[in-house]
Amino acid sequence: MKESTVHKWTVNEAPQGLRVLISGFQSWSEAELRPLTDVQPCPGQGWRVEQGHDPGFPPSGEAGVWRSHTVLALVRADGSGWVGSVGDATRTFAQWEARAGAAAVTVTCTLEGPDVPVTWEEIGDVIATLEARAAELGAAMGARTPAPLRVWCSWYSYYREVTLDAMLENARLAREHGLDFDVFQLDDGFQTFLGDWDDPSSHFGGHARELPARLAELGFTAGLWLAPFLVQPQSRLFRDHPEWLLRDEDGAPLAFGNNWGGPYHALDTTHPGALAWIRELGRTVRGWGYTYLKIDFLYGATQPGVRHDPAVGRAEAYRMGLQAFRDGVGEDAFILACGAPLAQSIGLVDAMRTGPDVAPLWDEESRRVWLGDATGPSARNAMHTALSRWYQHAWYQPDPDVAICRRELSLLNATEREAIAGMLDVIGGLRASSDPISMLDEEGLALLRRCLTVSTPDRPVTLAAPFGDAVTHFTRGTFNLTDCAQDGLPAHGYRPRTGKEQP
């Protein structure tokens, strides 16, 4: 595999007057708008880096040193500054770093993979330039941006305890209440182990193949969650085909992350047998009747390790696996990617989760502050990162995750629920809900109906003085992601713009 190429520039400007806008490696990795001299958090536990970032290029953990993937921007108070971007991400990871010195900033872009065009430019409007460069990258890679869909998913209602009956009951209630969902998506929990997708869990009460026809009777399209690149150590797939797995330096199956009770493994997507299996998995679930697929934890294919074909880099290996799945499900299937390298997915997926999971709580402060990990589920984390990736609608339909409209089984207050609704309106893209519909009172149903109203993506009016370490001021409204009132806007709140305010 070719050695990395490094580009380097010097910005002769005092770092104290600059903000940095970054985008992390995959769906859950933080995107932020921060003073350049701040500290970029990095989780102290290795498995959290593996599961939320790129262990090959992790966050710095240093004051004044900021790492970003694919794009980077330095922003002056007047909105001018510098934007870094690349012309192709199909087989290459572009790893940007801004390093503050005493009176200047050193910027580097390391290309892991084949050389691609790299641009670093001083410009008068960071917002417009970043949008233009994102649109150019999307066009160059054949971005798929179909009409957004309205989706109910089982995860935030039932987690891994989902049943066939629960799916059908919620679909029946949605039809009874006239809720405008297009898709009912079955999430994690229907299967025994990752890799053994055809084996139903003991509690599901049926088989996933039974759901599509019954949802069609109610007027809904069936969706299915998969983690096609991951393999649990308890699975038959792990036992029967260890040669298909990504390996560590000692030749053992690489174990990483921590979920489903412990570490897990990944398919080596340069192995012909693994690629054939991924392709066949796509054909199988399409044969069951699923035309909407949410594929998750896709970063697993990019973990540093020993591959069957050592000439293939990490980005290309990921793309090979994603292409195999697309080939299996067909060009007309709708693919939502999650936990996925962002730019490397352009052209193969229809939609992309652009932030961490929403949760029925505002902030998991102990994990975020004390462990340095803001990739975990919370309303704050989801909004913080999804809002700071507003420009990525040129790459795919953005998925900022679900609305939370219920008051039961939730720690969110009315202000926070409205802020999530505001995020959905500003981001545009997919609209999703996961509330048990039986829990929604009239107020909750009214909020859900608003959240299912499709909108076009909005854009920021300024990157100066945000209310929080993210992009918060948009043409349609302003978010306050801090814990204190700002300009009359309550903590954790959202204020729609009336047209009378000054930007």
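Everything discussed here concerns the structure shown above.
To start, this report covers the structure provided alongside it. (Residues numbered from 1 in each chain as written. Predicted model: local features only at pLDDT ≥ 70, side-chain atom pairs only at ≥ 80, totals over all residues. Heavy atoms only, no water.)

### Details of the overall build of the protein
Broken down by element type, the protein carries 12 helices and 23 strands. Relative to the compact-globule value of 23 Å for 503 residues, the protein shows a C-alpha radius of gyration of 22 Å, a close match. Overall size of the protein, expressed as C-alpha extent along the three principal axes, is 65 × 55 × 40 Å. Looking at the protein alone, contacts between residues at least 24 apart form 71% of all its contacts between residues at least 6 apart. Of the roughly 17700 Å² of accessible surface on the protein, a fraction of 51% belongs to carbon and sulfur atoms. Between the centroid of the 44 positive side chains of the protein and the centroid of its 65 negative side chains there is a distance of 2 Å. (Helix = DSSP H or I, 4+ residues; strand = E, 2+ residues; numbered from the N terminus. Rg over C-alpha atoms; globule rule 2.2 N^0.38 Å. Contact = heavy atoms within 4.5 Å. Areas by Shrake-Rupley, 256 points an atom, 1.4 Å probe, with all protein chains shown as cover. Lys, Arg positive; Asp, Glu negative; His and termini not counted. Charge placed at Lys NZ, Arg CZ, Asp CG, Glu CD.)

### Considering the state of the cysteines
Each disulfide is one covalent bond, formed between the sulfur atoms of two cysteines. Taken as a whole and judged by the stated rule, the model has 0 disulfides. Free of any disulfide, Cys109 has its nearest neighbouring cysteine sulfur in Cys42, separated by 20 Å. Residue Cys405 stays outside any disulfide, its sulfur separated by 4.3 Å from that of Cys451, the closest cysteine. For Cys405, a relative accessible area of 4% gives the class buried. (Disulfide = S-S within 2.5 Å. Buried < 20%, exposed > 50% of the residue type's maximum accessible area, 1.4 Å probe, protein only.)

### Here we look at unusual backbone geometry
Notably, Thr70 is not glycine yet its phi reads approximately 75°, a positive angle. Mapping Thr70 onto the fold places it in the loop between strand S4 (65-69) and strand S5 (72-75). Of note, the phi angle at Asp487 is positive, near 55°, even though the residue is not glycine. Within the element layout of this structure, Asp487 appears in the loop between strand S22 (477-479) and strand S23 (494-496). We classify Asp487 as exposed; its relative accessible area is 60%.

### Digging into the environment of Pro377
In this fold, Pro377 is placed in the loop between helix H9 (365-370) and helix H10 (379-387). Distance in space between the C-alpha atoms of Pro377 and Val358 is 5.4 Å, their sequence separation being 19 residues. Ignoring any residue separated from it by four or fewer positions in sequence, one finds Pro377 in contact with Asp357, Val358, Ala359, Leu361, Glu364 and Arg367.

### Looking at the nonpolar core
Judged by nonpolar contacts, the single largest core of 135 residues is most densely connected at Phe181, Phe184, Leu186, Leu224, Leu226, Leu293 and Trp395. Beyond its immediate sequence surroundings of up to four residues, Trp395 is in contact with Thr70, Ala134, Leu137, Gly138, Ala143, Arg144, Thr145, Leu342, Ala343 and Ile346. Listed in part, the 19 residues of the second largest apolar core include Val11, Leu18, Trp66 and Trp82. (Core = buried A, V, L, I, M, F, W, Y, C linked by side-chain atoms within 4.5 Å.)

### Topic: the packing of aromatic side chains
For any two aromatic rings, the description comes down to two numbers: the centre-to-centre distance and the angle of the planes. Enumeration over the complete set of coordinates arrives at 26 aromatic pairs. Between Phe256 and Tyr264, the aromatic rings sit 5.1 Å apart at their centres with planes inclined by 75°, giving edge-to-face as the arrangement. A relative accessible area of 2% means that Phe256 is categorised as buried. Residue class for Tyr264 comes out buried when judged on its relative accessible area of 0%. Cluster of aromatic residues (ring-pair linked, three or more members): Trp28, Phe256, Trp260, Tyr264, Phe297 and Tyr299. (Phe/Tyr/Trp six-rings, centres within 6.5 Å; stacked < 30°, edge-to-face > 60°.)

### Some words on the sheet that holds strand S21 (residues 473-474)
Read across the open sheet, the 3 strands follow the order S21-S22-S23; overall the sheet is antiparallel. The open sheet terminates on both sides in strands that have one partner only, identified here as S21 and S23. Where S21 and S22 come together, 2 bridges link them in antiparallel fashion. Bridged to His473 within S22 is Thr478. This element, helix H11 (residues 414-427), spans S21, S22 and S23 of the sheet and lies at about 50° to S23. (Pairing = 2+ DSSP bridges. Axes fitted to C-alpha atoms, helices over the stretch in contact; angles between N-to-C directions.)

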